[in-house]
2 protein chains.
Amino acid sequence: MEIKKDNTEEKIIDAATDVFVQKGMDGARMQEIADLAGINKALLHYYFRSKEKLFDAIFSKLVGIAFPRIGQILQSDLPILEKVETVIDTYIDLLLKYPFLPAFIIKEMNRNATPFFSFIEKKEFSIQPILKILQEAMDQDLIRKMRPEHLVVNVIGLCVFPFAARPMISHVAFPGDDKALSQFLAERKQEVKSFVLKGIQPE
Amino acid sequence: MEIKKDNTEEKIIDAATDVFVQKGMDGARMQEIADLAGINKALLHYYFRSKEKLFDAIFSKLVGIAFPRIGQILQSDLPILEKVETVIDTYIDLLLKYPFLPAFIIKEMNRNATPFFSFIEKKEFSIQPILKILQEAMDQDLIRKMRPEHLVVNVIGLCVFPFAARPMISHVAFPGDDKALSQFLAERKQEVKSFVLKGIQPE
DNA sequence: GTCTATATTAGGATAGAC
DNA sequence: GTCTATCCTAATATAGAC
């Protein structure tokens, strides 16, 4: 029974999160994490036996953030169009808070998909209920008939892509103007909602 | 004046492309590239002085593929909606041919944006003509009025995202069924066109 | 729990023979 | 141009004192 929560572990986790998110598993250095945490390498290995174990801890934490329980919004009793809008608002708010998450997740899932999959399985994350809700809305002609998987991919892609490709967008469209870029990303909430609502309007 | 084109360099480039695309700069190993090319490490350094120089060669080649001269399509005399459709068809065809390109480009531009930027500048790639054409179509009420940057991001995101997030889509929606996944990605051409055309329909 | 010092291996790069 | 052998540094990991 511990009264005083040791916070060295927290410092490590914070530092490791920063470094892994920015550099990825392959590019990250234990030395850099130790420096950022204000400790030395040996202590890192005392808390987490290896770089891989440390990475796994950070990774599963971040996947947990990146895949929130969207199902809860979808299972509310809002009309379908409002559900869609709420999902977009909620998810882009999340991305504005963690703008580096998309590039990190894309990088790591393409490097080594196994831990990613095992996490998804552990969380019992399933796309079936989402597809079912969309299909029902299509059957009732509330939204345009299409393969529901495409709609899911469209919505996530519209939300996520600008964050993943942020350096390119920054350089091509807003060179040297960080404020304009932030503004643009914030506008995505409204923009994606309009675009999707038009895109799913029944014929 | 060389009559017989030496093909060791080609073998190196092919091998390096494979390895870099799959593992990224940080994860790639010179040994693995040498093995795949059927030579040894020393010869790699004979042709390209360093890993970084080899990577730069591969990277700029791949960026060249990933950013084709879309401007030519946009400057044709097709009606605007057909231009948009042609861009989507052309780009998704490209992605079907190089499905690993999106994850690679996203990874590397988030790791070290400098070479990416310098390439873009060298190619005099500019988004301005694209924005102008879209803006004119909006002024003429041929497409819905919106910030043209958002439209560009929407279209690219809809095309690119499913390829970048391919491992996730594969696992969540088509586990163990590579054929269904390929089919799904091929369907994107039609799907993105329908979705975008609806999304840009004037009010 | 935290440190210094060190072991160990991996990986990029070079020397030099052929 | 291509190889074998080797160098050298960087990076993960451990030993052991405090």
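A brief report on the enclosed structure follows. (Residues numbered from 1 in each chain as written. Chains lettered and ligands numbered in written order. Predicted model: local features only at pLDDT ≥ 70, side-chain atom pairs only at ≥ 80, totals over all residues. Heavy atoms only, no water.)

### A few points about the relation of the copies chain A and chain B
Relating the two copies of this chain is a rotation about some axis coupled with a shift parallel to it. Superposing chain A onto chain B requires a rotation of 180° together with a translation of 0.0 Å along the rotation axis, leaving an RMSD of 0.1 Å. Put plainly, the chains are arranged around a two-fold axis. By C-alpha distance to the rotation axis, the residue of chain A lying nearest is A:G199, at 2.3 Å. When the interface residues of chain A are mapped onto chain B, 100% of them again fall at the interface, so both copies present the same face. (Least-squares fit on C-alpha atoms with pLDDT ≥ 70 in both. Contact = heavy atoms within 4.5 Å.)

### A word on the protein's contact with DNA strand C
What surrounds DNA strand C is a group of 16 residues, the closest being A:T8, A:N40, A:Y47, B:R29 and B:K51. A distance of 3.5 Å separates a phosphate oxygen of DNA strand C from a polar backbone atom of B:A28. Listed by contribution, the elements that provide at least two residues to the surface near DNA strand C are α3 (41–47) of chain A together with α3 (41–47) of chain B. At four residues, α3(A) tops the list of elements feeding residues into the surface near DNA strand C. Its residues assigned to classes, the surface near DNA strand C shows eight nonpolar, four polar and four charged. (Near = heavy atom within 4 Å. Polar contact = N/O pair within 3.5 Å; in protein donor to acceptor, adjacent residues only side chain to side chain. Helix = DSSP H or I, 4+ residues; strand = E, 2+ residues; numbered from the N terminus. Nonpolar A, V, L, I, M, F, W, Y, C, P; charged D, E, K, R; others polar.)

### Concerning the pattern of salt bridges
Scanning the entire structure with this criterion turns up 18 salt bridges over all chains. Note that A:R147 and B:E187 form a salt bridge whose closest N and O atoms lie 2.8 Å from each other. Residue A:R147 is found in the loop between α9 (128–139) and α10 (148–164), and its partner B:E187 is found in helix α12 (residues 178–199); the two belong to separate chains. Look at A:R147 and you get partly exposed, because its relative accessible area is 28%. Judged by its relative accessible area of 22%, B:E187 is partly exposed. Among the salt bridges present, the one from B:D89 reaches B:K193, with a minimum N-O distance of 3.0 Å. Within this pair, whereas B:D89 is found in helix α6 (residues 80–97), its partner B:K193 is found in helix α12, the two being separated by 104 residues in sequence. Salt bridges here are not isolated pairs; linked through shared partners, they connect A:R147, A:E149 and B:E187. (Salt bridge = Lys/Arg side-chain N within 4 Å of Asp/Glu carboxyl O. Buried < 20%, exposed > 50% of the residue type's maximum accessible area, 1.4 Å probe, protein only.)

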